[in-house]
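Geometric and topological summary
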Amino acid sequence: MADVPARMTAVLLKEGGYSGKNEGPAISDASLYLEEAEIDVPTPGPGQVLIKLRVASVNPSDCHFIKGEYGQPRQKGKPAGFEGCGDVVAAGKGAEALVGQRVAFVASPDGSGAWAEYAVTNAIMCIPLRPDVSDVDGAAQIVNPMTAMAMVDIAQQDGESFIISAATSQLGKLMTGLGRDLGLKPIAMVRREEAVESLKALGAEEVLVTTDPEFEAKTAAISRALKPRVFLDAVSDQISETVFVNMPNGARWISYGKLNPIPPKLTQMGQFIFMNKRIEGFWLTSWMGSTPPADQMRVVQEVQARFADGRWKTDVSAKLPLRHIVSGLADALKKPDGKVMITP
Ligand SMILES: NC(=O)c1ccc[n+]([C@@H]2O[C@H](COP(=O)([O-])OP(=O)(O)OC[C@H]3O[C@@H](n4cnc5c(N)ncnc54)[C@H](OP(=O)(O)O)[C@@H]3O)[C@@H](O)[C@H]2O)c1
């Protein structure tokens, strides 16, 4: 750790545990949840590495987490941030092979978060990056791309068409392009009319605009024509339920996000009995725990290849230095069509 300073700037969680609320990922004022501080640079334990940050991403999961509404508890006083890209500058016992490598990483609960000049995480949460993958793509290399690969794989086992909500999201765009490349027919749902053409250009067979007065009739017609049996849903609201009840026999509603905090009401219980319909969840953390390492490695390699050759890219809406997160995150998140990226 010769060139590593003793202290660093980090953005810390102000609260621990869960909030008990369900407000959704919108952030009105980041200072309610986060504070900037100078703290000791953490030391990697056995099997861990210390990473000097290049870029960290801001995902909806970060927003849910800092508000205490995610699937794991906050740790008060620890740096926030789940995902980033940086250089391994030190390692604990057993992880020395990663020193000197540029890696994509996700934070581990027994390490520290990515919204800091340095982060400690487990070596198994790091993916060495090919030189032709940019830092920005590296900082958004794991959470969304791995989820896209896993969920489109689920979809393609159940027919050639599938529905994606919040299709203007980074994950929605990745899944639309991947579906097209696999010869599938993605049906994209958006809430902004102006996004229709860009989704079609990415590979959507059809684009449904949720604010269109004819939305339900168009959903029913497209569902009859393309017979989508999987609905990959990041919004999970009443509009989602409308889509689900218009899908054919055997349809699966897979909820993987709760962008709208107002939950849906089920209106057609008979469809579960007579049409063999199902509601499920997907969480990448569970997928990683249940998928053999060799299969995960194939997914990692395919993800990097897609970013390296330009089939996938990360759209960036704003770059925010660490020192501006507390004051600037809420405004930065209002910009559409891309990720907020954090720089040291
Ligand atoms: N379960 C898992 O393992 C897993 C893994 C990765 C991601 N996710 C989830 O996947 C979703 C997308 O993540 P991302 O990083 O790709 O998002 P992102 O790029 O930050 O984009 C956010 C998207 O959400 C849309 N949106 C926000 N509130 C909405 C609402 N109330 N109704 C409809 N659309 C709304 C926005 O639409 P506009 O463009 O119209 O503003 C935008 O397209 C999130 O819910 C995230 O938590 C889950």
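Predicted, not measured: the structure shown is a model, and the values here were computed from it.

Structural notes on the site of the ligand
- Taken together, 21 residues surround the ligand, and among them Thr168, Leu171, Arg192, Leu284 and Lys339 come closest.
- At a separation of 2.7 Å, an oxygen atom of the ligand approaches a polar backbone atom of Leu171.
- At a separation of 2.9 Å, a nitrogen atom of the ligand approaches a polar backbone atom of Tyr256.
- Burial of the ligand by the protein chains amounts to 83% of its free accessible area of 940 Å².
- Contributing elements (two or more residues each) for the shell around the ligand: helix H3 (143–156) and helix H4 (170–181).
- Looking at which element gives the most residues to the shell around the ligand, the answer is H3, with 3 residues.
- Grouping the constituent residues of the shell around the ligand by class yields 10 nonpolar, 8 polar and 3 charged.

Quick notes on the side chain of Gln296
- Secondary-structure assignment places Gln296 in helix H10 (residues 293–308).
- The class for Gln296 is buried, based on a relative accessible area of 17%.
- Only 2.8 Å separates the side chain of Gln296 from the backbone oxygen of Thr291, close enough to count as a polar contact.

Section: empty space enclosed by the protein
- This structure, assessed with the given rule, holds 1 cavity of 30 Å³ or more.
- Here the largest cavity is characterised by a volume of approximately 30 Å³.
- Lining the largest cavity, in full, are Glu241, Phe244, Val245, Leu266, Thr267, Gln268, Met269, Gln271 and Phe272.
- Secondary-structure elements contributing two or more residues to the lining of the largest cavity are helix H7 (238–245) and helix H8 (270–274).
- Counting residues per element, the lining of the largest cavity draws most heavily on H7, at 3 residues.
- The class makeup of the residues in the lining of the largest cavity is 5 nonpolar, 3 polar and 1 charged.

Section: a nonpolar patch on the surface
- On the surface, a nonpolar cluster with roughly 260 Å² of combined accessible area is contributed by Leu266, Met269 and Ile279.
- Topologically, Met269 is positioned in the loop between strand E12 (252–255) and H8.
- The exposure class of Met269 is partly exposed, given its relative accessible area of 47%.

A look at the domain arrangement of the protein
- Splitting the protein by domain gives domain 1 (7–140 + 314–343) and domain 2 (151–285).
- Each of domain 1 and domain 2 has a C-alpha centre, and these two points are 30 Å apart.
- Every contact between the two is made by 15 residues of domain 1 and, on the other side, 8 residues of domain 2.
- Both faces combined, the contact of domain 1 with domain 2 buries some 950 Å², and carbon together with sulfur accounts for 45% of it.
- On the domain 1 side of the contact with domain 2, Asn22, Asp315 and Asp337 bury the most area, a combined 36% of that side's loss.
- On the surface where domain 1 and domain 2 come into contact, there are 2 salt bridges.
- The salt bridge partner of Arg192 is Asp337, with a shortest N-O separation of 3.1 Å.
- Seen at the junction of domain 1 and domain 2, the total is 6 residue pairs in polar contact (both at pLDDT 80 or more).
- Broken down by class, the residue content of the side of domain 1 that touches domain 2 amounts to 4 nonpolar, 6 polar and 5 charged.

Rules used in this analysis
Residues numbered from 1 in each chain as written. Predicted model: local features only at pLDDT ≥ 70, side-chain atom pairs only at ≥ 80, totals over all residues. Heavy atoms only, no water. Near = heavy atom within 4 Å. Polar contact = N/O pair within 3.5 Å; in protein donor to acceptor, adjacent residues only side chain to side chain. Areas by Shrake-Rupley, 256 points an atom, 1.4 Å probe, with all protein chains shown as cover. Helix = DSSP H or I, 4+ residues; strand = E, 2+ residues; numbered from the N terminus. Nonpolar A, V, L, I, M, F, W, Y, C, P; charged D, E, K, R; others polar. Buried < 20%, exposed > 50% of the residue type's maximum accessible area, 1.4 Å probe, protein only. 1 Å grid on protein atoms, 1.4 Å probe; cavity = no way out; pocket = protein on both sides within 12 Å on 5 of 7 lines; lining within 4 Å. Points joined across faces, edges and corners; volume = space filled by probe spheres on them. Patch = residues over 30% accessible without salt bridge, like charges linked within 9 Å, V, L, I, M, F, W, Y side chains within 5 Å. Salt bridge = Lys/Arg side-chain N within 4 Å of Asp/Glu carboxyl O. Domains from an automatic or database assignment. Contact = heavy atoms within 4.5 Å. Buried area = accessible area lost by both parts, 1.4 Å probe.

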